[in-house]
Amino acid sequence: VAAGDDVWRQRRDAGQPAREPGLLHLSRYAYERAWAGVPTFMRLPMCLTAADLTAAGVDVAIVGAPMDSGGGQRGAARGPQAIRTAERYMPAPAESHRHSHVDVLPFEQLTVVDYGDAAVDPFDIHASIGPIRELVAEVVSAGAIPVVLGGDHTVLWPSAAACMEHHGASNVGLVHLDAHVDCMHEPLGHAVTHATPIRRLMDDEGLAGANVHQLGQRGFGPSRELRDWMLDAGITTHHMAEVERAGFQATADRLLRDVKAGPPCIYLSVDIDVLDPAFAPGTGTPEPGGLTPRELLQLVRRVCHETNVVGVDVVEVSPAHDPGYVTALTATRIVLEAITGIAMRRIGIEGDHHLDAAVSGGAGDVAR
Ligand SMILES: [Mn+2]
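Below: a short report on this structure. Treat the numbers as computed from the prediction; the structure is a model and nothing was measured.

Quick look at the overall build of the protein chain
When helices and strands are counted, the protein chain shows twelve helices and eight strands. In summary, the protein chain has a C-alpha radius of gyration of 19 Å against a globular reference of 21 Å for 368 residues, a match within 12%. Summarising its shape, the C-alpha atoms of the protein chain cover approximately 60 × 55 × 40 Å along the three principal directions. Residues counted as buried form 54% of the 368 residues belonging to the protein chain. Within the protein chain, counting contacts between residues at least 6 apart in sequence, those at least 24 apart form 75% of the total. Carbon and sulfur atoms provide 53% of the accessible area of the protein chain, an area that totals close to 15,800 Å². Separation between the mean location of the 29 positive side-chain charges and that of the 47 negative ones in the protein chain comes to 4 Å.

Pasting the structure below:
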């Protein structure tokens, strides 16, 4: 391989043995612990090419976006591998995983694969955007839903842009769960950072402010000027102050009500810092006073069940700041909740309640 500007993006085609496109099983054994073998997400099979995705009829593809140049500090680039290896004790193959809250086996319902990592250039944030967008575009073009593992929140821009290009910009709304608003214009003179992806999607990709729904924001920000711009742009922000006043369920209900009244497709972006740092210390910009996992896990599952989610990202996991791997473990569970919600929608589970009556004490809220 010759060194050059595109060395990060060159694909290893030469020397690969000829094969039929389809799933690549990298686990030697049917039963393999998470700390053993090749670390694909949940030890799922891999796809290497767009032809693999199509031949395998993939429903959901995990895509790593290992970049941290948008956060101004190192760490989140190690997020994808940390999330892939976080399930340190789940002993059974993915296919046998049954979500007890909703009585669904998501990996039995859906063909889920790991599509590897995008060609991030660690020396050039601008050069990293295109390859991420390209890989996500391959997933959506194959008719699959991308679940992107960050990486810092800059990856929301190329990932959602690829989904919007495929489905039509006016057909896609954004659900953004985060401690911060992430729609700054040019913080410290830079238009491409982890604080600007929503502004990039609005200014460069045609995302309407009225189709942006945020939850979890708190702390010292945004400025009054930015707050006023957000209100003028029509962005809906459910701050933690609203959760404190109205309660989590009432706030989540409002979010879902508005989102369902919007465009037919939804992109869900989850910044791990939406959680309180007590539960997710392994992140670059922790903000006290956030959601609990008990709240976030059900909200992610609910959004993916009740709306037509066409893309997901889980970002800002920084393993070097993650004692006890609790942040990566929870990020993995967030991905599993998203996949479970997508499976619930695919099965055709009806109703706006997301819990199985048999385990929730409800009275038949879930109809099949
Ligand atoms: Mn963020």
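Quick word on the coordination of the manganese ion
The coordination sphere of the manganese ion, as far as protein atoms go, consists of His153 (ND1), Asp178 (OD), Asp182 (OD) and Asp271 (OD), spread over 2.1 to 2.2 Å. As a motif over one chain, the donors of the manganese ion read H-x24-D-x3-D-x88-D. Here the residue Asp178 occupies a position in the loop between strand 4 (172-177) and helix 6 (197-205), and Asp271 occupies one in strand 7 (residues 265-271), the gap between them amounting to 93 residues. Each member of the pair, Asp178 as well as Asp271, is classed as buried.

Observations regarding helix 9 (residues 248-260)
Since there are 3.6 residues in each turn of an α-helix, residues three or four apart along the chain are aligned in direction. Taking 1.5 Å of rise per residue, 13 residues should cover 18 Å, and helix 9 covers 18 Å from first to last C-alpha, within 8% of that figure. Taken together, the buried positions of helix 9 are occupied by Phe248, Thr251, Ala252, Leu255, Leu256 and Val259. The buried side chains of helix 9 occupy one side of the element, clustering within an arc of 135° when seen end-on. Of the surrounding elements, those touching the buried residues of helix 9 are strand 4, strand 5 (212-215), strand 6 (236-238), helix 8 (240-246), strand 7 and helix 10 (293-306).

Points about the sheet that holds strand 4
Spatially, the eight strands line up as an open sheet ordered 2-1-3-8-7-4-5-6, and their pairing is parallel. Looking at strand neighbours, the two that pair on one side only are strand 2 (112-117) and strand 6, the edges of this open sheet. Direction aside, neighbouring strands of the sheet carry axes that sit 15° apart on average. As paired elements, strand 3 (residues 145-150) and strand 8 (residues 309-315) share three bridges and run parallel to each other. Counterpart to Val147 in the pairing with strand 8 is Val312. On the sheet, helix 10 packs against strand 4, strand 5, strand 7 and strand 8 and is oriented at approximately 165° with respect to strand 7.

Rules used in this analysis
- Residues numbered from 1 in each chain as written.
- Predicted model: local features only at pLDDT ≥ 70, side-chain atom pairs only at ≥ 80, totals over all residues.
- Heavy atoms only, no water.
- Helix = DSSP H or I, 4+ residues; strand = E, 2+ residues; numbered from the N terminus.
- Rg over C-alpha atoms; globule rule 2.2 N^0.38 Å.
- Buried < 20%, exposed > 50% of the residue type's maximum accessible area, 1.4 Å probe, protein only.
- Contact = heavy atoms within 4.5 Å.
- Areas by Shrake-Rupley, 256 points an atom, 1.4 Å probe, with all protein chains shown as cover.
- Lys, Arg positive; Asp, Glu negative; His and termini not counted.
- Charge placed at Lys NZ, Arg CZ, Asp CG, Glu CD.
- Donors = N, O, S within 2.8 Å, 3.2 Å for Na, K, Ca; no water.
- Expected span 1.5 Å × (residues − 1).
- Arc of directions from axis to C-beta.
- Pairing = 2+ DSSP bridges.
- Axes fitted to C-alpha atoms, helices over the stretch in contact; angles between N-to-C directions.

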